[in-house]
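Overview (structure and organization)
Spelled out, the chains give:
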Protein chains: 2
Amino acid sequence: MTGYEVRSVISETLGHFWHESFGQIYPALQALEEAGHVRRTGRGPGSRRVAEITASGRARLRELLAEPVATPPPRNGTLLRLFFGTELAPGAARTLVDEAVRRADEALAGFAAVRAEVSGDDSPEQAFRTMTLSYGEHVARAQLAWAQECRDALDTLEATASDPKEAPGAGG
Amino acid sequence: MTGYEVRSVISETLGHFWHESFGQIYPALQALEEAGHVRRTGRGPGSRRVAEITASGRARLRELLAEPVATPPPRNGTLLRLFFGTELAPGAARTLVDEAVRRADEALAGFAAVRAEVSGDDSPEQAFRTMTLSYGEHVARAQLAWAQECRDALDTLEATASDPKEAPGAGG
DNA sequence: GTCATCATGTAAACCGTTACATGATTGT
DNA sequence: ACAATCATGTAACGGTTTACATGATGAC
C-alpha cells in the first residue's frame with residue numbers, strides 16, 4: 001500500500017473509531033522503514049512508493065496491540081453546552097439535540113451499508129470487524145434514545161417556563 | 001472559586017464528559033483576568049486566589065457556548081485492538097471486552113450515585129444536568145449490551161476454531 | 001512532627017492537525 | 001486544456017499533559 005492508500009483504508013474501514021492524517025502517516029512510514037518494520041519500493045508511476053509490512057513490523061504491531069488501552073480524557077462539546085443549558089439562547093439546546101440525532105442517523109445509515117457489504121462472511125477477520133461495527137450501532141442507537149428523552153425533557157421545561165403555576169402535564 | 005476548586009468541580013460534576021488539567025486552568029484564569037472576564041482577590045490564607053466571573057465573562061461564556069460543536073477525530077483503542085483480533089494473543093480479545101464491561105459497570109455505579117443526589121430537584125439547571133447524566137447512562141448500557149454480544153461472538157469463534165468441521169451450535 | 005490535602009504556578013515535551021509546496025495521472 | 005484525484009512530503013502551529021517547583025493548612 002501507498003501512504004495515500006493507508007489513509008483511505010483507515011477512513012473507510014476504521015473511520016467510525018479511528019483516524020490518521022497524512023502528517024502522521026508519511027513521517028511514520030519513514031520511521032518504520034528506518035526501523036525495518038516496513039519495506040518500501042522506490043518511486044513508481046505517479047511518485048507512488050509502495051510499503052509492505054515485514055516480519056519485524058508484524059511483531060511490533062502485535063507488541064503495540066498488546067499494550068494497555070489508553071483512555072484519553074473525555075471532551076464532549078454537545079454535553080458541555082447542554083450542561084450550561086440555562087446560559088443558552090432559546091432553542092439552542094433543542095438544536096444541539098437535533099444535531100446529535102442527525103449525526104447518529106447518518107452514522108447508522110453508514111453502518112447499515114457496511115453491514116450489507118460484510119454479511120455472509122464468517123471468517124475470524126469479519127467477526128472482529130463486525131464487533132467494531134456493532135459497537136458503533138449500539139452507541140448510535142443509544143444516542144438516538146437519549147436524544148428522544150432530551151426532547152421530552154425540553155418540552156416539559158418549555159411548558160413549565162411559559163406556564164409556571166401549572167404542574168407539568170396537567171393541561172392548561 | 002479557586003483554580004483548584006474549579007478543577008474539583010469539573011472532575012466531580014462534568015467528569016464523565018469533560019476534563020481540564022491545572023496546566024490549562026491556571027494560565028486560563030490569568031488570561032481571563034487580563035481580559036476582564038474574571039475578577040480575582042489577592043492571595044488569601046493558603047495562597048488561595050478566589051476568582052469570580054464578571055458580566056463580560058458571562059457574555060464571553062455565552063459566546064463560546066454558541067459556537068459550533070467541534071467533533072474531534074475518533075480514537076478508540078479498544079476497538080482498534082479488537083479490529084486486529086486475529087493478531088492478538090489467545091484470550092486478549094476477551095480481556096478487552098471484559099475491561100469494557102468493568103469500565104461501563106463502574107461508570108453506571110457512579111451515575112447511580114449522582115442520580116440519587118440530584119433526584120427530587122426539578123430546576124432547569126438540574127434538568128440539563130440530568131440530560132448529561134442520562135447520556136452517560138445510555139451509552140454505558142449500550143456498551144454493556146455490546147460487550148455481551150461480543151462475548152457470544154468470541155464463544156462462537158473459539159468453538160469453531162477448536163472444532164472446525166462442526167457447524168456452530170450443533171453440539172459435539 | 002508528619003502526612004494528606006489544598007493551593008498556585010511554570011516549562012518542557014508531546015501529539016496531532018492544518019496549511020503549504022509540489023507534481024503525476026486520468027477522465028472529460 | 002482543465003479539473004479531479006492520486007500521491008508525497010515538510011513545517012508551523014496549537015492544544016494538552018506531565019513534570020517540576022514551591023508552599024500553606026489541618027488532622028492525627
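Residues numbered from 1 in each chain as written. Chains lettered and ligands numbered in written order. Predicted model: local features only at pLDDT ≥ 70, side-chain atom pairs only at ≥ 80, totals over all residues. Heavy atoms only, no water.

Where helix α1 (residues 3-13) of chain A is concerned, the buried positions are Gly3(A), Ile10(A) and Thr13(A). Along the axis of α1(A), the buried positions cluster into a sector of 115°, meaning they face one direction only. For α1(A), exposure combined with an orientation more than 90 degrees from the buried face picks out Tyr4(A) and Glu12(A). Residues of α1(A) that are buried make contact with α2 (22-34) and α6 (124-162) of chain A together with α4 (77-83) of chain B. (Buried < 20%, exposed > 50% of the residue type's maximum accessible area, 1.4 Å probe, protein only. Helix = DSSP H or I, 4+ residues; strand = E, 2+ residues; numbered from the N terminus. Arc of directions from axis to C-beta. Contact = heavy atoms within 4.5 Å.)

Around DNA strand C, the surrounding shell holds 20 residues, and the nearest of these are His19(A), Tyr4(B), Tyr26(B), Arg48(B) and Arg49(B). Of everything in DNA strand C that lies within 4 Å of the protein, sugar and phosphate atoms constitute 75%. Residue Gln24(A) places a side-chain N or O atom 3.4 Å away from a phosphate oxygen belonging to DNA strand C. Contact distances for DNA strand C include 2.8 Å between a phosphate oxygen and a backbone N or O atom of Arg49(B). Top element by residues in the surface near DNA strand C is helix α1 (residues 3-13) of chain B. It accounts for three residues. Split by residue class, the surface near DNA strand C holds four nonpolar, ten polar and six charged. (Near = heavy atom within 4 Å. Polar contact = N/O pair within 3.5 Å; in protein donor to acceptor, adjacent residues only side chain to side chain. Nonpolar A, V, L, I, M, F, W, Y, C, P; charged D, E, K, R; others polar.)

A few words now on the interface of chain A and chain B. In this assembly, 56 residues from chain A lie in contact with 56 residues from chain B. In this structure, the connection of chain A to chain B is made through six salt bridges. Counting the contacts that link chain A with chain B gives 26 residue pairs in polar contact (both at pLDDT 80 or more). Taken together, the elements giving at least two residues each to the side of chain A that touches chain B come down to α3 (55-66), α4 (77-83), α5 (92-118) and α6 of chain A. With 20 residues, the top contributor of residues to the side of chain A that touches chain B is α6(A). Its residues assigned to classes, the side of chain A that touches chain B comprises 31 nonpolar, 14 polar and eleven charged. (Salt bridge = Lys/Arg side-chain N within 4 Å of Asp/Glu carboxyl O.)

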